[in-house]
Amino acid sequence: MRKLFKKIIAGCIILMFVYTIRIGFVKAEEKEEKKEEAKPPKESPFREPEHQYVGVKKCKICHKVKKIGGEQFQVWEKSKHAKAYETLGTEEAKKIAKERGIDNPQEDGRCLKCHTLAFGVDKKWVTEDVTKEEGVSCEACHGPGADYKDKKIMQDKQKAIEKGLVIPNETTCTACHNSESPTYEEFKYEEFKEKIKHWDKEEK
Ligand code: HEC
Ligand code: HEC
Ligand code: HEC
Ligand code: HEC
């Protein structure tokens, strides 16, 4: 009788032991999953660059002045791109996020990657001037600006391109304007381009 009792106790201890280890594993797995979420989504529109992102405040220095770079800043500031981060704070955004199991779209990479500048890019390529709040700013379309933003280089289009300036085309836009967007509306390049017009070819 005693022997049987001892055996039962021993069995229980082994079971508890196995169970504890299992919980450990499950916890570790859960942690792994959490880490996965915090990482940038694989298909971020921002690939690893060769120049640093400097943020819209730097472009603004010259591109709000007609006589220097032009008045592109004023046009962009009124556009939806400038409000892209703010949009993630609306009730509509929260509803879309909730359906996908996302608590706060303003903190989640699955939304931020198309609604902010340089999401998921290694920090060494992003200066401290870049903020989430600026949303889809100049460099999201024109490429990281650290090495082309000097006036001398800017005035020489070819040199600027060599230093990272991008003259955007349809592919630039469809990195974000695609069916992965929860609110995707068919992207028509010419039509949409007209809506963000901040250049004046006639003047040149
Ligand atoms: C020191 C002033 C200065 C800063 C800072 C600056 N630019 Fe410029 N940029 C210029 C000037 C000057 C031109 C030439 C304008 C012209 O030819 O009419 C120019 C031209 C451009 C062009 C047009 C290229 C072409 O010829 O088609 C783009 C696009 C551009 N800048 C984007 C940016 C972006 C994005 C930033 C921020 C990362 C930036 N610039 C920062 C002065 C500046
Ligand atoms: C980094 C991602 C990204 C890139 C690149 C991008 N967009 Fe957008 N675009 C957005 C987001 C996000 C919105 C929605 C902003 C909002 O409503 O808050 C938007 C909104 C717009 C709108 C407003 C649509 C409406 O309903 O009025 C137009 C027009 C537009 N984009 C044109 C373009 C064009 C043209 C290009 C390429 C030259 C481009 N976008 C590149 C992310 C991007
Ligand atoms: C959503 C994408 C997008 C954003 C954001 C954007 N641009 Fe542009 N930009 C374009 C496109 C597209 C063109 C036209 C390219 C072409 O066909 O020549 C352009 C053209 C320009 C030009 C050339 C002007 C000319 O007359 O030739 C300048 C300068 C410029 N952008 C500066 C800026 C600055 C500064 C910002 C931020 C304040 C900005 N852009 C934000 C897409 C963008
Ligand atoms: C693949 C890029 C991409 C991702 C990821 C993305 N968005 Fe967007 N979002 C866009 C674009 C582009 C627009 C402009 C309208 C359109 O074509 O969908 C937009 C527009 C919006 C709008 C405004 C819609 C309107 O009617 O004006 C809301 C709200 C929004 N997104 C919420 C979210 C939320 C929440 C998430 C995360 C769950 C998210 N987005 C993820 C690209 C994206």
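Calculation rules
Residues numbered from 1 in each chain as written. Chains lettered and ligands numbered in written order. Predicted model: local features only at pLDDT ≥ 70, side-chain atom pairs only at ≥ 80, totals over all residues. Helix = DSSP H or I, 4+ residues; strand = E, 2+ residues; numbered from the N terminus. Buried ≥ 20, exposed ≤ 12 C-beta atoms within 10 Å, placed from the backbone. Contact = placed C-beta atoms within 7 Å. Near = placed C-beta within 6 Å. Core = buried A, V, L, I, M, F, W, Y, C linked by C-beta atoms within 7 Å.

Undergrad: Honestly, the overall build of the protein chain in this entry has me stumped. Any pointers?
TA: Counting secondary structure elements, the protein chain contains 11 helices and zero strands. Going from N to C terminus, the protein chain has its helices and strands arranged as α-α-α-α-α-α-α-α-α-α-α. Relative to its 204 residues, the protein chain shows a buried fraction of 22%. Within the protein chain, contacts between residues separated by at least 24 positions form 57% of all contacts whose residues are at least 6 apart in sequence.

Undergrad: Got a minute to help me understand the site of ligand 1 in this structure?
TA: Looking at ligand 1, there are 18 residues lining it, with Cys59, Cys62, Gly69, Gly145 and Met154 nearest. Of all elements in the fold, only helix H2 (56-63), helix H7 (138-142) and helix H8 (151-154) reach the threshold of two or more residues within the shell around ligand 1. Sort the elements by how many residues they give to the shell around ligand 1 and H2 lands first, with five residues.

Undergrad: Looking at this structure, how should I read the nonpolar core?
TA: One recurring pattern in soluble globular proteins is that nonpolar side chains are buried together. Judged by nonpolar contacts, the single largest core of 16 residues is most densely connected at Tyr53, Leu117, Ala118 and Val130. Mapped onto this core, the elements with two or more residues apiece are helix H4 (84-87), helix H5 (91-99) and helix H6 (109-115). Setting aside residues no more than four positions away along its own chain, Tyr53 makes contact with Leu117, Ala118, Val121, Trp125, Val126, Thr127, Val130, Glu139 and Pro144. Val56, Phe73, Trp76 and Cys138 belong to the second-largest nonpolar core, a separate cluster that totals five residues.

Undergrad: Please explain the environment of His115 as it appears in this structure.
TA: With respect to the helices and strands, the residue His115 is situated in helix H6. Distance from His115 to Pro105, taken between C-alpha atoms, is 9.9 Å for residues 10 residues apart in sequence. In contact with His115, not counting residues within four places along its chain, are Ala84, Tyr85, Thr87, Leu88, Gly135 and Val136.

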